[in-house]
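Fold and geometry: a report
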Amino acid sequence: MSRKIIRNGRIVTAIDDYVADILVEDGQIQAIGRKLACGSDTESIDATGLMVLPGGVDCHTHMDNTFGDSTTCDSFESGTRSAAFGGTTTIVDFAFQRQGVSVLEAIERAQAKGREGACIDYGFHVIVTSVNQQTLADMQHAIRHEGVSSFKMFMAYPGSVMVDDAAIFQAMRMVGQHGGMIALHAENGTIIELLIQEALAQGHTAPKYHALTRPAIMEGEATHRGIKLAELAQAPVYFVHLSAKEALKHVVEARDMGVPVFAETCPHYLFFDESVYDSEDFDLARYVMSPPLRSKEAQNALWTALRTDDLQLVSTDHCPFCMKEGHLGRVNQKPYGRNDFSRIPNGIPGVETRLTTIHDGGVRAGRISLNRMVELTATAPAKLFGLYPRKGTIAVGSDADLVLFDAGQSHVISAATQHGNCDFTLFEGREVTGTVRKVFLRGELLVDGEQWLGRAGAGQYVARGESGGW
Ligand code: DUC
Ligand code: ZN
Ligand code: ZN
């Protein structure tokens with residue numbers, strides 16, 4: 001039996017903030033209290049002066065995910081190592097139901113990658129790209145028997161992964177009856193495609209046209225439509241990477257009416273805005289993600305919504321593609337779209353910088369409380385996606401996924417000192433106050449300052465309970 005005691009840390013959860021010891025036995029929290037007694041065989045870790053936070057839960061990552069001709073540059077190993085250094089101990093990544101691959105096969109393939117590479121615990125949503133009776137039966141099976149209770153569907157990217165409203169409605173109706181939830185990428189795909197083709201026909205090939213062809217109003221339209229489909233289907237719905245005021249407005253309205261609508265936003269929408277798209281330079285490919293960055297006004301509205309619970313989660317949408325072709329042998333990265341912005345792979349890294357940026361720009365800036373930071377980055381994702389109370393909090397019986405956080409220690413964010421495969425971060429050069437010191441996964445020390453003690457394959461698949469019931 002392995003035993004550890006973390007002494008004198010300031011334990012911060014979504015609701016509590018107090019100093020105590022945490023006794024860990026065989027990967028779980030066994031006791032919490034002041035001056036806990038323990039045997040001499042118990043390893044003692046002094047957390048005096050540090051916060052002890054629940055390990056972060058990031059419900060939106062893309063490790064080794066392929067979109068079109070491009071694959072994200074992080075493997076399960078590099079991506080989960082990077083997550084751990086950022087204070088995240090559980091991710092929910094994506095299994096992809098491609099043409100000719102069933103939902104259940106997609107889950108098996110994703111699980112195999114996780115088994116081999118994951119350094120932290122992980123689960124999956126399934127990206128569903130076509131719906132028929134078999135798909136619906138498989139989704140039901142996945143919820144009940146595979147621990148996969150959420151499914152992403154795209155209202156964008158026609159001719160690739162986009163599904164129509166009828167498919168979304170059918171899937172919502174089924175999962176709503178069985179404890180599942182549909183997560184929507186809400187942008188009006190056909191209008192965006194038209195705008196893209198018009199821009200290209202006019203010779204507009206630079207990255208900035210990615211943003212100009214994906215207007216906020218079309219995120220608003222799709223969000224409204226998604227909510228109405230969910231209402232009709234009597235099912236909960238989740239909006240991924242919400243970025244626009246026009247979308248937020250509909251989420252707020254529906255939640256005020258008691259409709260089970262949930263949404264996340266991502267750090268890039270909270271710290272950057274559309275003013276970056278001010279030149280024809282290809283370097284702006286680093287800001288190509290979907291949806292694109294929005295107005296400063298939208299950014300302020302997102303922060304307010306995080307405080308008021310109109311938005312429930314901060315996830316990263318970690319979907320890294322390198323700026324330099326060939327970096328670490330990765331091909332078809334951002335330069336793939338050098339002559340055509342619509343071919344630039346959509347996505348940026350972020351899994352390592354969530355906690356520190358939200359702490360610095362959210363808590364220290366007075367926008368959200370410390371408890372709310374924990375709720376947004378650990379507790380709420382665990383509750384919404386069926387991981388709670390095993391994950392997302394510090395309580396007796398929970399997994400001992402713990403982050404020792406030095407809230408007063410500053411550091412400068414740089415891709416050069418990060419631990420994933422991507423060659424850039426949008427936060428390059430930003431000084432943040434708040435530094436992850438140690439990270440434990442089920443009681444095992446993964447990160448000790450700059451030292452990496454984790455191992456590929458040590459992460460466990462977590463079969464999730466129901467989604468959307470919170
Ligand atoms: N949506 C995502 O969630 N991630 C990457 C690309 C996209 O469109
Ligand atoms: Zn998306
Ligand atoms: Zn994503």
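Residues numbered from 1 in each chain as written. Chains lettered and ligands numbered in written order. Predicted model: local features only at pLDDT ≥ 70, side-chain atom pairs only at ≥ 80, totals over all residues. Heavy atoms only, no water.

Moving on to the site of ligand 1. Taken together, H60, H62, K152, F154, Y157, H185, H241, S290, D317, C319 and N346 make up all the residues around ligand 1. Side-chain polar atom of H241 to an oxygen atom of ligand 1: 3.2 Å apart, as the coordinates give it. Taking 240 Å² as the accessible area of ligand 1 by itself, protein coverage stands at 98%. Looking at the shell around ligand 1 residue by residue, the class counts come to three nonpolar, six polar and two charged. (Near = heavy atom within 4 Å. Polar contact = N/O pair within 3.5 Å; in protein donor to acceptor, adjacent residues only side chain to side chain. Areas by Shrake-Rupley, 256 points an atom, 1.4 Å probe, with all protein chains shown as cover. Nonpolar A, V, L, I, M, F, W, Y, C, P; charged D, E, K, R; others polar.)

Pairing in this open sheet of eight strands is parallel, and the strands run β6-β9-β10-β11-β12-β13-β14-β15 from one edge to the other. A single partner strand is all that each edge strand has here, and the edge strands are β6 (56–58) and β15 (313–314). In this sheet, strand β9 (residues 88–97) lies alongside β6 in parallel orientation, the contact comprising three bridges. When the bridges of β9 are listed, G56 appears paired with T88. Those strands touched by helix α1 (residues 76–85) are β9 and β10 (121–128), and its axis lies near 145° from that of β9. (Pairing = 2+ DSSP bridges. Helix = DSSP H or I, 4+ residues; strand = E, 2+ residues; numbered from the N terminus. Contact = heavy atoms within 4.5 Å. Axes fitted to C-alpha atoms, helices over the stretch in contact; angles between N-to-C directions.)

According to the domain assignment, the protein contains domain 1 (3–53 + 394–452) and domain 2 (55–384). For domain 1 and domain 2, the distance between their C-alpha centroids amounts to 27 Å. Taken together, the 44 residues of domain 1 in the interface contact 48 residues of domain 2. Roughly 3,600 Å² is buried in total at the junction of domain 1 and domain 2, and carbon and sulfur atoms are behind 66% of that figure. Joining domain 1 to domain 2, the criterion identifies one salt bridge. Among the ionic pairs, D121 bridges to R442, the shortest N-O distance being 2.7 Å. Scanning the region where domain 1 abuts domain 2 turns up 15 residue pairs in polar contact (both at pLDDT 80 or more). For the side of domain 1 that touches domain 2, the secondary-structure elements that each account for two or more residues are β1 (3–12), β5 (51–54), β16 (402–412), β17 (431–441), β18 (444–448) and β19 (451–452). No other element matches the eight residues that β17 contributes to the side of domain 1 that touches domain 2. Its residues assigned to classes, the side of domain 1 that touches domain 2 shows 22 nonpolar, twelve polar and ten charged. (Domains from an automatic or database assignment. Buried area = accessible area lost by both parts, 1.4 Å probe. Salt bridge = Lys/Arg side-chain N within 4 Å of Asp/Glu carboxyl O.)

Only H60 (NE2), H62 (NE2) and D317 (OD) from the protein coordinate the zinc ion (ligand 3), and they sit 1.9 to 2.1 Å from it. Between consecutive donor residues of the zinc ion (ligand 3), the sequence gaps follow H-x1-H-x254-D. (Donors = N, O, S within 2.8 Å, 3.2 Å for Na, K, Ca; no water.)

Before going further, it helps to examine helix α12 (residues 370–384). Owing to its 3.6 residues per turn, the α-helix aligns residues three or four sequence positions apart on the same side. Spanning 15 residues, α12 covers 20 Å between terminal C-alpha atoms, matching the ideal 21 Å at 1.5 Å per step. At L376, α12 is deflected by roughly 50°, the largest bend along its length. In terms of burial, α12 is a largely internal element, twelve of the 15 residues being buried. Phi for G386, located one or two positions after α12, is positive at around 70°. (Expected span 1.5 Å × (residues − 1). Bend = angle between axes of the 7 residues up to and from the residue. Buried < 20%, exposed > 50% of the residue type's maximum accessible area, 1.4 Å probe, protein only.)

Moving on to the coordination of the zinc ion (ligand 2). In this structure, K152 (NZ), H185 (ND1) and H241 (NE2) serve as the protein donors to the zinc ion (ligand 2), at separations of 2.1 to 2.3 Å. Taking the relative accessible area as the measure of exposure, H185 reaches 1% and is therefore buried. Judged by its relative accessible area of 2%, H241 is buried.

Turning to the packing of aromatic side chains, a few remarks are in order. Tallied over the full model, the rule gives 15 aromatic pairs. Ring geometry for Y209 versus F341: centroids 6.4 Å apart, planes at 45°, classification tilted. Placement of Y209 in helix α6 (residues 208–212) and of F341 in the loop between β15 and α11 (354–363) is noted, with a sequence separation of 132 residues between them. Looking at Y209, the relative accessible area reads 10%, which means it is buried. Summarising the aromatic geometry, the rings of F271 and F427 are spaced 5.5 Å apart at their centres and angled 80° between planes, so their arrangement reads as edge-to-face. Taken together, the positions of F271 in helix α9 (residues 267–271) and F427 in the loop between β16 and β17 put the pair 156 residues apart, joining distant regions of the chain. An aromatic cluster of at least three residues, connected via ring pairs, comprises F271, F272, Y277, Y287, W303 and F427. (Phe/Tyr/Trp six-rings, centres within 6.5 Å; stacked < 30°, edge-to-face > 60°.)

Next up on the list: the pattern of salt bridges. The full count for this structure, using the stated rule, is 27 salt bridges. The residue D309 makes a salt bridge to R372 at a minimum N-O spacing of 3.1 Å. You can see D309 sitting in the loop between α10 (296–308) and β15 and its partner R372 sitting in helix α12, a full 63 residues away along the chain. The class for D309 is partly exposed, based on a relative accessible area of 27%. Looking at R372, the relative accessible area reads 8%, which means it is buried. The network of salt bridges with shared partners includes D121, R390, K391, D399, D401 and R442.

What follows is about the environment of V436. The topology assignment puts V436 in strand β17. Other than its neighbours up to four places away in sequence, V436 contacts F85, G86, G87, L355, V403, L404 and F405.

For the coordinates displayed, the defined rule picks out zero disulfides. Of the cysteine sulfurs around C266, a residue in no disulfide, the closest is that of C319, at 11 Å. Unpaired in terms of disulfides, C322 finds its nearest cysteine sulfur in C73, a separation of 3.7 Å. For C322, a relative accessible area of 0% corresponds to the buried category. (Disulfide = S-S within 2.5 Å.)

The subject of this paragraph is the side chain of D360. Mapped onto the elements, D360 comes out in helix α11. A polar contact of 2.9 Å, which involves the side chain of D360, links it to the backbone nitrogen of T433. Ignoring anything within four residues of it in the chain, the contact list for D360 reads A365, E431, V432 and T433.

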